[in-house]
Amino acid sequence: MCGRYSATKNPAALVQEFDAVDETGGQARENDYNVAPTKNVVTVVQRHPRDAEGTVLDEEPAVRSLRVMRWGLVPFWAKDPSVGNRMINTRAETATEKPAFKRALAKRRCLVPADGWYEWRRAGKQKEPFFMTGEDLAFAGIWESWRDKKNEDAEPLITFSIITTEAIGRLTDIHDRMPLLMTKDRWNAWLDPDRDEVGELLTPPRDLVDTLELRPVSDKVNNVRNNGAELVERVEAGQADLDEALFELPK
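The rules we used
- Residues numbered from 1 in each chain as written.
- Predicted model: local features only at pLDDT ≥ 70, side-chain atom pairs only at ≥ 80, totals over all residues.
- Heavy atoms only, no water.
- Helix = DSSP H or I, 4+ residues; strand = E, 2+ residues; numbered from the N terminus.
- Buried < 20%, exposed > 50% of the residue type's maximum accessible area, 1.4 Å probe, protein only.
- Salt bridge = Lys/Arg side-chain N within 4 Å of Asp/Glu carboxyl O.
- Arc of directions from axis to C-beta.
- Contact = heavy atoms within 4.5 Å.
- Polar contact = N/O pair within 3.5 Å; in protein donor to acceptor, adjacent residues only side chain to side chain.
- Core = buried A, V, L, I, M, F, W, Y, C linked by side-chain atoms within 4.5 Å.
- Phe/Tyr/Trp six-rings, centres within 6.5 Å; stacked < 30°, edge-to-face > 60°.

**Student:** Would you mind going over unusual backbone geometry with me for this structure?
**Tutor:** Residues apart from glycine generally show negative phi values, whereas peptide bonds are mostly found in trans. One non-glycine residue, Asp19, adopts positive backbone phi at about 50°. Following the sequence through the fold, Asp19 ends up in the loop between helix H1 (11-18) and strand E2 (21-22).

Structure representation (structure tokens):
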């Protein structure tokens, strides 16, 4: 699964990387080395424009843009937004079947820019954190717009979930799941708002996976309050336990 990742590129850099328009409205958080569920983060979408009344202009070219969304999918039919806390990930194997995901998979897909993600390898009773990182990483995601029926004047809540799949290659040594990575040659097809069927894109790109660095990192990442560049720095075997012990010592 993917329950924590790093995203430190600012909107200006992402505009260039994804050839997108910045519609984050100054709400984008920069240098987040410990992105956790329920945080608001930058995603990439591609949508047809709307007219002044909100009608979708299907004949107009779709525009790719950066949007801020909250991590944890809240389906449009949900009675309470807290359901999103349990929907941070969507399994690729069942996304086309489950009601909570299939509508979004067909109509509302996004990319989630990232420097890399964290996963924990179990070694006996211990869990060793790793940071999986590479160039031009983007996770496949789906998103939804939820409105509070009890407060029709409230702004819609825009949320997303990261697609996950079975781990492949060296990643299986760390964990049995991984986020679905999207290489640049897949970005346009995944984001295309006029494309309903994306089954062929739900398999991870082995060439990209083989280039990833699997970096052991400090146990400090276990605490969501910790957020700095030291979280993604490589540590030597056994150093993570030492770092955690020192971090817990009273000042």
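Anyway, onward from the coordinates.
**Student:** I would appreciate a short explanation of the environment of Asn31 in the present structure.
**Tutor:** Mapped onto the elements of the fold, Asn31 is located in the loop between E2 and strand E3 (32-35). Look at Asn31 and you get partly exposed, because its relative accessible area is 44%. Spatially, the C-alpha atoms of Asn31 and Asn89 are 23 Å apart, while their sequence positions differ by 58 residues.

**Student:** So what exactly am I meant to see when it comes to the pattern of salt bridges here?
**Tutor:** Proximity of charged atoms lets side chains of opposite charge pair with each other. Counting across every chain of the model gives 13 salt bridges. Here Arg29 makes a salt bridge to Asp32, at a shortest N to O gap of 3.8 Å. For Arg29, a relative accessible area of 46% corresponds to the partly exposed category. According to the relative accessible area criterion, Asp32 is buried, its value standing at 4%. The salt bridge partner of Arg195 is Glu200, with a shortest N-O separation of 3.1 Å. Judged by its relative accessible area of 23%, Arg195 is partly exposed.

**Student:** So what exactly am I meant to see when it comes to helix H2 (residues 99-107) here?
**Tutor:** Because each turn of an α-helix spans 3.6 residues, side chains separated by three or four positions in sequence point in the same direction. Of the positions making up H2, those classed as buried are Ala100, Phe101, Ala104 and Leu105. Buried residues of H2 fall within an arc of 105° about the axis and therefore sit on the same side. In the core, the buried residues of H2 are packed alongside strand E6 (89-91), strand E7 (109-123), strand E8 (126-146) and helix H3 (184-191).

**Student:** Looking at this structure, I do not really get the side chain of Asp32. What am I missing?
**Tutor:** Secondary-structure assignment places Asp32 in strand E3. Looking at Asp32, its side chain comes within polar contact range of the side chain of Asn227, at 2.7 Å. In this structure, Asp32 is in contact with Tyr5, Ser6, Ala7, Thr8, Lys39 and Asn227, ignoring residues within four places of it in sequence.

**Student:** I tried to follow the nonpolar core on my own but got confused; where do I start?
**Tutor:** Inside soluble globular proteins, nonpolar side chains tend to come together where they are buried. Judged by nonpolar contacts, the single largest core of 33 residues is most densely connected at Phe18, Leu111, Ile163, Met182 and Trp190. The contacts of Ile163, once residues within four sequence positions are left out, are Thr90, Ala92, Ala140, Gly141, Ile142, Met178, Pro179, Leu180, Trp190 and Leu202.

**Student:** Could you clarify how one ought to interpret the packing of aromatic side chains in this entry?
**Tutor:** Two descriptors summarise a pair of aromatic rings, namely the distance from one centre to the other and the angle between the planes of the rings. Applying the stated criterion to the full structure yields 6 aromatic pairs. Pairing Tyr5 with Phe139 gives two aromatic rings, centres 5.5 Å apart and planes at 80°, and the pair type is edge-to-face. Residue Tyr5 is located in strand E1 (residues 5-7), and its partner Phe139 is located in strand E8; the two are separated by 134 residues in the primary sequence. Of the two residues, Tyr5 and Phe139, neither departs from the other in class, the shared state being buried. Geometrically, the ring pair formed by Phe18 and Trp187 is stacked, given 4.3 Å between the ring centres and 20° between the ring planes. Taken together, the residues Phe18 in helix H1 and Trp187 in helix H3 connect sequence positions 169 residues apart. Trp187 matches Phe18 in its accessibility class, with the two residues each being buried. Connected via pairs of aromatic rings, a cluster forms that spans Tyr5, Trp71, Trp117, Phe139 and Phe160.

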